[in-house]
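A look at the structure
Each chain, letter by letter, is given below.
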Amino acid sequence: VFSMSKLIAPVSRIATRMLSTTPVASVGELGSGVGKSGGSGGSIREAGGAFGKLEAAREEEYFYKLQKAQIKGLKDQIKREIEHHEGQMKNHQEVLERHKKRIDELEKEESSIAK
């Protein structure tokens, strides 16, 4: 027998857990030590204080630079693809013009034969 309460109960537990989590704004600063958003990132970050904050700042800077480099690489790759496709368009345009010219020549030849 299907019971709606069996279906709703797990969903409500998940929703309750999600609502009961601590908001990010109330968590301490990065590098503040274990359990204060600094996590267990090694002995320096575990200790907290100035060195923990410095290490957290260096880590943030590393990922910022990494993300910037990845975005630049992606933009460069897309630019190369654009250039490639523009080159292909130019080649296709030239081939189309050649074919049209050849059709014109064949039509002239056909009309000269028909006379």
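Residues numbered from 1 in each chain as written. Predicted model: local features only at pLDDT ≥ 70, side-chain atom pairs only at ≥ 80, totals over all residues. Heavy atoms only, no water.

To be explicit about the condition: UniProt positions are given in the numbering used here, feature names are shortened, and annotations may be inferred rather than shown by experiment.
As annotated in an unreviewed UniProt entry, the chain carries the name ATPase inhibitor, mitochondrial and is attributed to Pristionchus fissidentatus. Here the chain is described in UniProt, under the heading Subcellular location (unreviewed entry), as follows: "Mitochondrion".

Thoughts on the overall build of the chain
What counts is decided by this rule: Only DSSP runs of H or I covering at least 4 residues are called helices, and only runs of E covering at least 2 are called strands; the numbering of each starts at the N terminus. Relative accessibility decides the category of a residue: with a 1.4 Å probe and only protein chains considered, values under 20% of the type maximum give buried, values over 50% give exposed, and everything between is partly exposed. Any pair of residues with heavy atoms lying within 4.5 Å of one another is described as a contacting pair. Per-residue and other accessible areas were derived by the Shrake-Rupley procedure at a 1.4 Å probe size, with only the shown protein chains allowed to occlude residues.
Tallying secondary structure elements over the chain gives 3 helices and 0 strands in all. Counting all 115 residues of the chain, 7% fall into the buried class. By sequence separation, contacts in the chain at least 24 residues apart represent 11% of the contacts at least 6 residues apart. Surface summary for the chain: the accessible area is close to 10300 Å², and the carbon and sulfur share equals 60%.

Some points on the packing of aromatic side chains
Our working definition: Any two rings among Phe, Tyr and Trp, with Trp reduced to its six-membered ring, count as a pair given centres within 6.5 Å; such a pair is stacked if its planes are under 30 degrees apart, edge-to-face if over 60, and tilted if neither.
Counted by the stated rule, this structure contains 1 aromatic pair. Taken together, a centroid distance of 5.1 Å and an interplanar angle of 75° make the contact between Y62 and F63 edge-to-face.

Concerning a nonpolar patch on the surface
Selection criterion: Note on patches: the residues involved have over 30% relative accessible area and no salt bridge, like charges join within 9 Å, and the nonpolar side chains Val, Leu, Ile, Met, Phe, Trp and Tyr join within 5 Å. Here, a salt bridge means any side-chain nitrogen of Lys or Arg that lies within 4 Å of a carboxyl oxygen of Asp or Glu.
Together, Y62, F63 and L66 make up a nonpolar patch on the protein surface, roughly 310 Å² of accessible area in all. Assignment of secondary structure puts F63 in helix 3 (residues 49–114). With relative accessibility at 46%, the residue F63 sits in the partly exposed group.

Some details on the confidence of the model for the chain
Here is the rule: A score between 0 and 100, pLDDT records how confident the predictor is in each residue.
In the predicted model, the chain carries a mean pLDDT of 77, and 57% of its residues have values of at least 70. Per-element averaging of pLDDT across the chain places helix 1 (residues 4–20) at the bottom with 50 and helix 3 at the top with 94. In this model residues 18–26 is a low-confidence stretch, pLDDT under 50, and it forms 1 contact with partners more than four residues away in sequence or in other chains.

A closer look at the pattern of salt bridges
Applying the stated criterion to the full structure yields 3 salt bridges. A salt bridge links E105 to R102; the shortest N-O distance between them is 3.5 Å. One end of the pair is E105 and the other is R102, both in helix 3 and 3 residues apart, which spans about a single turn. Look at E105 and you get partly exposed, because its relative accessible area is 39%. Residue classification places R102 among the partly exposed positions, given a relative accessible area of 43%.

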